[in-house]
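Tertiary structure, described
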Amino acid sequence: MDYDSVADELYALRPEEFTAARASAMATARTAGDRELAERIRTLRKPSLAAWVSNLLVRSSPGEVEPLLRLGEGLRQAHQDLDGAQLRELSRRQHALVRALSLQARQLAKEAGHPIGESVQREVENTLHAVLADPEAARAWAGGRLAKPLSAAVGFPAVAEDARPQRPASAPAPTPSRPGGKESEQQRRRLDRARKDAEAAERALRELQGEAEAAGQAAAEAKEQVDDLQQRVEELTGELERARNEHQQARFAERAARERARTADRRAREAGRKAATAAAQLERLSSPDA
């Protein structure tokens, strides 16, 4: 028993089976004396429905994993190279492949007994877009152990406005005059400031997204605990109801037994009196003076 095999088994399960299986694996690890493994297993989070569907896609269609990873590498390289033609072709393939995979994931979920709606399908599509944009997201998705859907960054790595390919001019541009040079320098500075502002805004957005995801995860964990406790309450309520019924039946049986005992005692006393009367009569009849 090791961490990777346990994690793979848990994330291959349906969401409603996860919690009980995790508890069983923790108990097995503790019984084996491996408390460190038990603690690592405890930290494994139950997957959301969208994360489970994304994992299901990886596990059920391993042949689709590598093409998406290669497409992501190509898109990221094209953005770095500022290759407009390649970007257009890869972007077209991106949208077609993401849509096809999300529909495939939806069908797999339906076949597994968990039909999903449009909102969950959009979360699956966002996860696939994140896989294309972010190498770390790609590795996480390919591992098949997502606990929550992934969020794509704001587009692909930013391309500076003044670094984008320009349409070639038909003739060389005239050498700018000195005032024009100042204007060009001012434009460059404005672009630098805009680029820095955009980068800062993106960082802030990612921090807020991280906080939102953490809050969402905490809420999901709290709900999971509530569900577990609710299930335990229902089990205890059922046991209490059964105990009450058994107690009531025992009281009925006790009253019936007491009534039978009283009846038997009364009959015994009557029989005793009859026996005494018969004995007295026999004694009188047996007397010589009778």
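Further up the page is the structure itself.
In this report, we go over the structure that sits alongside the text. The model shown is predicted, which means the values in this text are computed figures rather than measured ones. Position labels on residues start from 1 in each chain and follow its written sequence. The predicted nature of this model means local features are confined to residues of pLDDT at least 70 and side-chain atom pairs, given and counted, to a pLDDT of 80 or more, with totals for whole chains, interfaces and linings taken over all residues. Based on all heavy atoms of the structure, the side-chain values leave hydrogens and waters out of the count.

**Comments concerning the packing of aromatic side chains**
Only rings of Phe, Tyr and Trp enter the pairing, Trp through its six-membered ring, and a pair is recorded when the two centres are within 6.5 Å. The plane angle decides the type: under 30 degrees is stacked, over 60 is edge-to-face, the rest tilted. Tallying each qualifying case throughout the model produces 1 aromatic pair. Each ring, one from Tyr-11 and one from Phe-18, has its centre 5.3 Å from the other, and the planes form 50 degrees; the classification is tilted. Accessible area is worked out with a 1.4 Å probe on protein chains only. A residue is then buried under 20% of its type maximum, exposed over 50%, and partly exposed in between. The exposure class of Tyr-11 is buried, given its relative accessible area of 4%. We call a charge positioned above a ring when the Lys NZ or Arg CZ atom is no farther than 6 Å from the ring centre and deviates by at most 35 degrees from the ring normal. Sitting above the plane of the Tyr-3 ring, Arg-40 keeps its charged end 3.8 Å from the centroid.

**What about helix H2 (residues 15-31)?**
Only DSSP runs of H or I with at least four residues qualify as helices, and only runs of E with at least two residues qualify as strands; both kinds are numbered from the N terminus onward. The length a helix should cover is 1.5 Å for every residue beyond the first. For H2, built from 17 residues, the straight-helix expectation of 24 Å at 1.5 Å per residue is met to within 8% by its first-to-last C-alpha distance of 25 Å. Looking one or two residues past H2, Gly-33 carries a phi angle of roughly 85 degrees, positive in sign.

**Points about the packing of H2 against helix H3 (residues 35-42)**
In contact at an axis separation of 7 Å, H2 and H3 are set at 170 degrees when each is read in the N-to-C sense. Taken together, the axes of H2 and H3 are roughly antiparallel relative to one another. Remark: the crossing between H2 and H3 carries left-handed chirality. Along its contact with H2, which presents Arg-22, Ala-25, Met-26, Ala-29 and Arg-30, the element H3 presents Arg-35, Leu-37, Ala-38, Ile-41 and Arg-42. Three classes are used, and their members are as follows: Ala, Val, Leu, Ile, Met, Phe, Trp, Tyr, Cys and Pro are nonpolar, Asp, Glu, Lys and Arg are charged, and the others, Gly among them, are polar. For the contact of H2 with H3, a count of residues per class yields 6 nonpolar, no polar and 4 charged. Axis lines are fitted to C-alpha atoms, over the contacting stretch for helices. Their N-to-C directions set the angle, which ranges from 0 to 180 degrees. Here is the rule for angles: anything less than 35 degrees is roughly parallel, anything more than 145 is roughly antiparallel, 65 through 115 is roughly perpendicular, and the remaining ranges are oblique. It is the rotation of the near helix from the far one that decides the hand of a crossing: anticlockwise by less than a right angle makes it left-handed, clockwise makes it right-handed. Working rule for contacts: check all heavy atoms of both residues, and any pair within 4.5 Å makes them a contact.

**Focus: the packing of helix H1 (residues 3-11) against H3**
Contact pair H1 / H3: the axes reach a minimum separation of 11 Å and the direction vectors enclose 30 degrees. Classified by the angle between their axes, H1 and H3 sit roughly parallel to one another. For the crossing formed where H1 meets H3, the hand is right-handed. Residues Tyr-3, Val-6 and Leu-10 of H1 form the contact with H3, whose own contacting residues are Leu-37, Arg-40 and Ile-41. Residue classes in the contact of H1 with H3 are distributed as 5 nonpolar, no polar and 1 charged.

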